[in-house]
Amino acid sequence: MTNRPRESSKGRLVEVAILSKVERTFTYIVGDELADTELDYRRVLVPLGRRLVTGMVIGPGVPVAEVTMKEVRDVLDPEPLITPELLELARFAASYYVAPLGEVLRTMLPPGVNVESYRALELTELGRAAMHNAPDKLERALLALASRGPRSAQSLIKAVHGARHRHLLQMQRQGWIEPIERLKPSVRPRSARVVTLSAEGAELDVEQLVHRAPRQAAVLAALAGGGGRIFAAELARIIGPCAASLRTLRDKGLIEFHNEDAPRGPEACADLAADEPAQLSDEQQMALDQLEPALEKREFRPCLLRGVTGSGKTEIYVRLTQRALELGLSACVIVPEISLTPQLVSRFACRIEGQIAVLHSGLTPSERLASWRSILSGKVRLVIGARSALFAPLRDLGLVVVDEEHETSFKQEDGVAYNARDLALVAARQAGALAVLGSATPSLESLYNVQRGKLEPFVLSKRIDDRPLPEIRVIDMQGRPPDPQGAAPALSDELIAGLENTLRAGRQSILFINRRGSAGFVLCAQCGHVPSCRNCSISLVLHRSTSRLHCHYCDQVQDAPTKCPQCGGTQFVFGPPGTQSVQQQVEELFPKARVLRLDRDTTRGRAGYERALGSFARGEHDVMIGTQMVAKGHDFPNVTLVGVLLADQSLALPDFRAAERTYSQLVQVSGRAGRGDDAGLVLWQTYAPEHYAIKAAAAHDLIGLLDCELQMRREADYPPFGRLALVRLSATSPIKAADYANALAEIARVLARRSAGWIDVLGPAPALVSKVRGRYRWQVLLRGRGTKALSPFVSQLLRRAAKSIKISGVRIQPDVDPISMF
């Protein structure tokens, strides 16, 4: 493929957003070959500089005087890949979060849909002749590898030990290889065979086949019951192996085969308990009676559903969704964690007829693309998933639900730093839809918006069937003796006794500790040396199961020391415990207990969460030990004990939201206990029992926490009374990172002086974790008084910096309304 762009000055013009971090959009001309082809909202292949890249046609182009337009090379989609509503949401997100429109669109689309050209090296006839007699053995090896097909220069050098770019240049000068342009393939949707009844098959009396061909009769009956079409895999699941019968029926002309996109549906979640329609409480019925009219009127109505854990918020979500679908509308339900999707999907799937699309990062790119296309076609009108599910191309959106709306996981940290909770309200407003934010521990911003009249409140103050909230006991760990390794004790006597009583009663327990591994660090008792990551400014975590030290930022791994590399000492002190060490202690104390550990080390792979949660729901484990994955959203009626280790851990973080997050975390994980017929008991182990956040959580005093936090934030102009924007930057050179940060902060101060004191510039300063994956990290914090958005200021700052700061190799990441200050 040639890389020479075709140029023209006549024809239809289109505006194209390049699906990458390119600041502006471009106008291209549509040549004669595509003159009659619809291009709006489709991906196209266009030249950009010396490459071919993927763009999205977003509307008609505007001619630029005295500029010869480059031509659209190809259209990649026969049908639109986005909707006008999705483009409108992308434009808002690009403006608010200070990101290129093309990058926002790429974030919204399923991964792997980009097509780009790259330069490859192809063997010539001269090179083929020289392959066996070239004087240099490295060149002979490179020629032999190139003979298998065009390869990039980087892959050739990587595959042949000792090869350098100079060898390739020399071979190119001799005419042995030549550069060509190749296209990286785009992901394709997963397809599956679909069986449909033919006209003749639909008219056949199945009873004629029952006795002489029962399997064929079963196939036809299943097809008739499924509306005349069914996936072959689903058919085999219903009636068993039937490939031979299908072939026979096809040869008779009774059925037909074809392939369709096969989105991954909720079948993977079938192990979890089914849900039956519940008798609504008075509070639930009142909320539904007031919310359903918004669906019928197609009006934007933003609401906050605050309900204690176990009060039946999910039942309201299900019934609102059922009503929306009855009205011909579509619905989107998003959750903060992948681990919450299996149980939630099961609750919906057993109550709602029709296909449900599941969207989250645990699916393969082909599965996500298949789901995307099925949603876009209108075959699917209910989408459930993590934050990216918000971007599903649903038409006639009538309902948006954000479950656990307080969770920080709704904020995207990499790439476009959007907050799915906030964008959900924007999407609902644009569509005229009902928006329901739900939580047992709403964010302070949402509670403040209730006070200001921006969110309509609905409260579920009681658990289903008036079940009591679990009893909470706060265990003071101060003064407790360390374990034999010198570390703080993981399990208190009270928690050990609680586990013993729960096991004896045949009930289940959950232990929550927000730390993986066996020990947070390893410290030499003689000189104080702590092994740290060579790529990141953080100590390595001990995993005793493998006797290795891990970095949980860049995944560096090394053997655990047997002696100190600094002084040669052999005595070590171990830092705070993690899930591995807690599992080991529980198994030692209770050898007959069936223990399940749920963290990122044990649930890798797309089906890891479903398998683990399903097995616990079936009662195959007595104790589940986990990190954030076990803290919220799950409903296990047999769990009567919840233990929280290091309950005050998050209070030590240098973040103004630390107390709020601690409160939410403690209340959420405590809510996993006592959701069945038996009362629940919750034990919190803490070194700060008198902290106001812990005392408020123990008393379920959300309003008390709100009053205390709002007073402090009002004095500091922190959200919700002020706005924040964080400009993060990183470089492989610590000097470049520091110099750029200082120059950026100086430009920000100059611009801030023109704001009449409305904006403060704080920093620059190194990030809390100042080095990650070999890159040195700095940040500049911008604080605005009042609720006016900081986006225009950040946009102006970055434009000015790009023009005036001449330091290369620095990555800039704006974060408007940051959640994490790290």
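The structure we're discussing is the one just above.
Overview of the structure. All figures in this text were calculated on a predicted structure; none of them were measured in a lab. (Residues numbered from 1 in each chain as written. Predicted model: local features only at pLDDT ≥ 70, side-chain atom pairs only at ≥ 80, totals over all residues. Heavy atoms only, no water.)

## Remarks on the overall build of the chain
Along the chain, the regular secondary structure elements total 24 helices and 34 strands. A total of 822 residues make up the chain; the buried ones form 53% of that total. If you take every contact in the chain between residues at least 6 apart in sequence, the share linking residues at least 24 apart comes to 76%. Accessible surface, the chain: about 36,600 Å² in total, of which carbon and sulfur atoms supply 49%. (Helix = DSSP H or I, 4+ residues; strand = E, 2+ residues; numbered from the N terminus. Buried < 20%, exposed > 50% of the residue type's maximum accessible area, 1.4 Å probe, protein only. Contact = heavy atoms within 4.5 Å. Areas by Shrake-Rupley, 256 points an atom, 1.4 Å probe, with all protein chains shown as cover.)

## Let's talk about the sheet that holds strand E17 (residues 397-403)
Taken together, seven strands build an open sheet; the order of strands is E15-E16-E14-E17-E18-E13-E19 and the sheet is parallel. The open sheet has two edge strands, strand E15 (356-359) and strand E19 (456-460), and neither has a second partner. Each strand axis lies, on average, 15° off the axis of its neighbour in the sheet, ignoring direction. Sheet analysis places strand E13 (residues 301-307) next to strand E18 (residues 434-439), joined by six bridges and oriented parallel. Residue pairing for E18: Pro302 is matched across the bridge by Ala435. (Pairing = 2+ DSSP bridges. Axes fitted to C-alpha atoms, helices over the stretch in contact; angles between N-to-C directions.)

## Some words on the environment of Leu123
With respect to the helices and strands, the residue Leu123 is situated in strand E8 (residues 117-123). Between the C-alpha atom of Leu123 and that of Ala146, which follows or precedes it by 23 residues, the distance is 5.8 Å. Discounting chain neighbours no more than four positions away, the residues touching Leu123 are Arg128, Leu143, Ala146, Ser147, Trp176 and Ile177.

## Thoughts on the sheet that holds strand E2 (residues 12-18)
Read from one edge of the open sheet, five strands run E3-E2-E5-E4-E7, paired in antiparallel fashion. Edge positions in the sheet fall to strand E3 (26-30) and strand E7 (74-75), since each has one partner strand and no second. Sheet topology note: the strand E4 (residues 43-48)/strand E5 (residues 51-60) ladder contains six bridges and is antiparallel. Bridged to Arg43 within E5 is Met56. Against the sheet, helix H2 (residues 101-108) contacts E2 and E5, and its axis sits at roughly 70° relative to E2.

## Notes on the side chain of Ser388
For Ser388, the position within the fold is in the loop between strand E16 (382-385) and E17. Take Ser388: its relative accessible area is 17%, and that puts it in the buried class. Only 3.2 Å separates the side chain of Ser388 from the side chain of Arg368, close enough to count as a polar contact. Not counting the four nearest positions on each side in its chain, Ser388 is found in contact with His360, Arg368 and Tyr418. (Polar contact = N/O pair within 3.5 Å; in protein donor to acceptor, adjacent residues only side chain to side chain.)

## A few points about the pairing of strand E32 (residues 759-772)
Where E32 and strand E33 (residues 775-785) come together, eight bridges link them in antiparallel fashion. Bridging from a neighbouring strand, Lys771 pairs with Tyr776 of E33. Linkage of E32 to E33, two consecutive antiparallel strands, is achieved through a turn of two residues, within which Arg773 is found at a positive phi near 50°.

## Side note on the nonpolar core
Core analysis: the biggest nonpolar cluster contains 118 residues, and Leu105, Leu390, Trp684, Leu729, Leu744 and Leu782 have the highest contact counts within it. At ten residues, the largest contribution of residues to this core is made by helix H23 (residues 734-753). In this view, Trp684 contacts Ile472, Arg473, Val474, Ile475, Val644, Ala647, Leu666, Ser670, Ile694, Ala697 and Ala698; residues no more than four positions away in its chain are not counted. Grouped together as the second largest cluster of nonpolar side chains are 33 residues, Val318, Leu325, Val345 and Ile356 included. (Core = buried A, V, L, I, M, F, W, Y, C linked by side-chain atoms within 4.5 Å.)

## Here we look at the environment of His132
Its location among the elements puts His132 in the loop between helix H3 (125-130) and helix H4 (137-146). Considered as a pair, His132 and Leu143 are eleven residues apart in the sequence and their alpha carbons are 8.7 Å apart.

## Details of the environment of Glu200
The residue Glu200 is located in helix H7 (residues 199-203) in this model. Taking the C-alpha atoms as reference, Glu200 lies 8.3 Å from Ile255; in sequence the two are 55 residues apart. The residues contacting Glu200, other than those within four sequence positions of it, are Lys252, Gly253 and Leu254.

## What to know about the pattern of salt bridges
Scanning the entire structure with this criterion turns up 24 salt bridges. Residue Arg351 pairs with Glu315 through a salt bridge whose shortest N-O separation is 2.7 Å. Taken together, the positions of Arg351 in the loop between helix H13 (341-349) and E15 and Glu315 in helix H12 (residues 313-326) put the pair 36 residues apart, joining distant regions of the chain. Each member of the pair, Arg351 as well as Glu315, carries the same accessibility label: buried. A salt bridge links Glu620 to Arg618; the shortest N-O distance between them is 2.8 Å. Look at Glu620 and you get partly exposed, because its relative accessible area is 37%. Through salt bridges with shared partners, a single ionic network connects Lys411, Glu413, Arg728 and Asp815. (Salt bridge = Lys/Arg side-chain N within 4 Å of Asp/Glu carboxyl O.)

## Re the packing of helix H1 (residues 84-96) against helix H15 (residues 420-431)
For the pair H1 and H15, the least separation of the axes is 10 Å and the interaxial angle reads 135°. In terms of their interaxial angle, H1 and H15 are classed as oblique. As for how H1 packs across H15, the hand of that crossing is right-handed. On H15, the residues touching Glu85, Glu88, Leu89, Phe92 and Ala93 of H1 are Leu423, Val426, Ala427, Arg429 and Gln430. The residue makeup of the contact of H1 with H15, split by class, is six nonpolar, one polar and three charged. (Parallel < 35°, antiparallel > 145°, perpendicular 65-115°, else oblique. Left-handed = near helix turned anticlockwise from the far one by under 90°. Nonpolar A, V, L, I, M, F, W, Y, C, P; charged D, E, K, R; others polar.)

## Some words on the side chain of Ser446
Within the secondary structure, Ser446 is located in helix H16 (residues 444-451). The exposure class of Ser446 is buried, given its relative accessible area of 3%. A distance of 3.1 Å separates polar atoms of two side chains, one belonging to Ser446 and the other to Ser443. Apart from the residues lying within four places of it in its own chain, the contact partners of Ser446 are Leu304, Glu405, Arg421, Leu437 and Leu455.

## Here's the deal with the packing of aromatic side chains
As enumerated under the stated definition, the model contains five aromatic pairs in all. One aromatic cluster is present, formed by Phe92, Tyr96 and Tyr97 through successive ring pairs. Here the basic side chain of Lys788 rests over the ring of Trp758, its NZ or CZ set 5.1 Å away from the ring centre. (Phe/Tyr/Trp six-rings, centres within 6.5 Å; stacked < 30°, edge-to-face > 60°. Lys NZ or Arg CZ within 6 Å of the ring centre and 35° of its normal.)

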